[in-house]
Amino acid sequence: MMAKQYQTLGEFIIDNQADFPYSSGELSRLINSIRLAAKVVNHEVNKAGLVDIIGAYGETNIQGEDQQKLDVYANQKFIQTLTNREIVCGIASEENDDFITIAGCNNDHQNKYVVLMDPLDGSSNIDVNVSVGTIFSVYRRVTPIGTPVTKEDFLQPGNKQVAAGYIIYGTSTMLVYTTGHGVNGFTLNPALGSWYLSHPDMKFPKNGSIYSINEGNYVHFPEGVKKYIKYCQEEEEDRPYTSRYIGSMVSDIHRNMIKGGIFIYPKSSKAFNGKLRLLYECNPMAYIIEQAGGKASDGFSRIMDIQPTELHQRAPFFAGSKNMVEKAEEFMKKFQ
Ligand SMILES: O=P(O)(O)OC[C@H]1O[C@](O)(COP(=O)(O)O)[C@@H](O)[C@@H]1O
Ligand SMILES: [Mg+2]
Ligand SMILES: [Mg+2]
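In this report, we go over the structure that sits alongside the text. The model shown is predicted, which means the values in this text are computed figures rather than measured ones.

### Side note on the nonpolar core
F154, Y166, M249, M257, M285, I303 and F317 are the most contacted members of the largest nonpolar core, which totals 43 residues. If you count residues domain by domain, this core takes at least three from each of domain 1 (9–199) and domain 2 (210–334). The residues touching M257, leaving out its near neighbours within four places in the chain, are Y166, V176, V183, M202, K203, F204, P205, I288 and A292. I34, A74, V88 and M117 belong to the second largest nonpolar core, which has 40 residues in total.

In structure tokens form, the structure reads like this:
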């Protein structure tokens, strides 16, 4: 159904209810819960400058990263909201060592969906007033309803996602998501507390002139990546491209989706599998990018076809404008 401009998110969800093959309203309620939790977290993010919000929480997560106060706050708010609304049977998060089983109020494990999330993406930018995000990925469970979820329900390849999205807390706050029927972006009107369809049917331009990579790691990059960076910087045809790197994956990819560009976080001699987490960073962003006509790979093959083995496993990530990702893959294959 063609989306109407400035429709509210609530109206959009109702109008598009029939898109869901197993349609019983649960996925709609799930998206509704995420929109609610996002508003609560947005309220805190907007105060990131006041002492009780910024800085380290004082613990490290399973990846050995110092958790920021907002990492923990966002994690708690999303888990609470999803749990209270009785729609998920399990949650996995960057900030939790293992997945959480949600039995439901009757303790009968009747819910169908699991959610994997990065509650606060771009943590290194919280204290410096640069945009950050939240990323979520939704799957139908594979184990029988009525039984507790198992790791199997979370270790599904990205091509099995039923929904994915991100929230960007930037100059404005947006919720961008897909349920496999294109990508739509909603902007929060903080005064009214409502989300409006500001970016219907988002499309990733096939070509672009922006490349986003942390060149500070250049010497540690594979030869293919080094060669591709040089290619981006050559005075040829529509190049040199512009280098833009915010350091918040959500923000870098959101910008590139609007303007055209490529985001790369490759493996390196310092990080054998790169830095980004396959299940709650790469896969959900890849689903959105592909639904918008872009491409997402590990430099060689489709990221969403990778069969996960670990909850917090990492993967090299090449994503964005289709023709730019294919060019980067050419260099990776030629100089491997
Ligand atoms: O500082 P680096 O090494 O360039 O890493 C930046 C990347 O790390 C991240 O911040 C990792 O995500 P988290 O902040 O959720 O841990 C990405 O958002 C970003 O693209
Ligand atoms: Mg992240
Ligand atoms: Mg994070």
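Next comes the rest of the description.
### Topic: the site of ligand 1
The environment of ligand 1 is made up of 18 residues, and the closest members are D121, N214, Y245, M249 and Y265. The backbone of L120 places a nitrogen or oxygen atom 3.2 Å from an oxygen atom of ligand 1. One of the backbone nitrogen or oxygen atoms of S123 is found 2.9 Å away from an oxygen atom of ligand 1. Protein contact buries 88% of the 470 Å² of open area that ligand 1 shows by itself. Secondary-structure elements contributing two or more residues to the shell around ligand 1 are β5 (113–121) and β13 (262–265). For the shell around ligand 1, the leading source of residues is β5, giving three residues. Two domains each provide a minimum of three residues to the shell around ligand 1, namely domain 1 (9–199) and domain 2 (210–334).

Thresholds, definitions, all that
- Residues numbered from 1 in each chain as written.
- Chains lettered and ligands numbered in written order.
- Predicted model: local features only at pLDDT ≥ 70, side-chain atom pairs only at ≥ 80, totals over all residues.
- Heavy atoms only, no water.
- Core = buried A, V, L, I, M, F, W, Y, C linked by side-chain atoms within 4.5 Å.
- Buried < 20%, exposed > 50% of the residue type's maximum accessible area, 1.4 Å probe, protein only.
- Domains from an automatic or database assignment.
- Contact = heavy atoms within 4.5 Å.
- Near = heavy atom within 4 Å.
- Polar contact = N/O pair within 3.5 Å; in protein donor to acceptor, adjacent residues only side chain to side chain.
- Areas by Shrake-Rupley, 256 points an atom, 1.4 Å probe, with all protein chains shown as cover.
- Helix = DSSP H or I, 4+ residues; strand = E, 2+ residues; numbered from the N terminus.

That is the geometry; function is a separate question.
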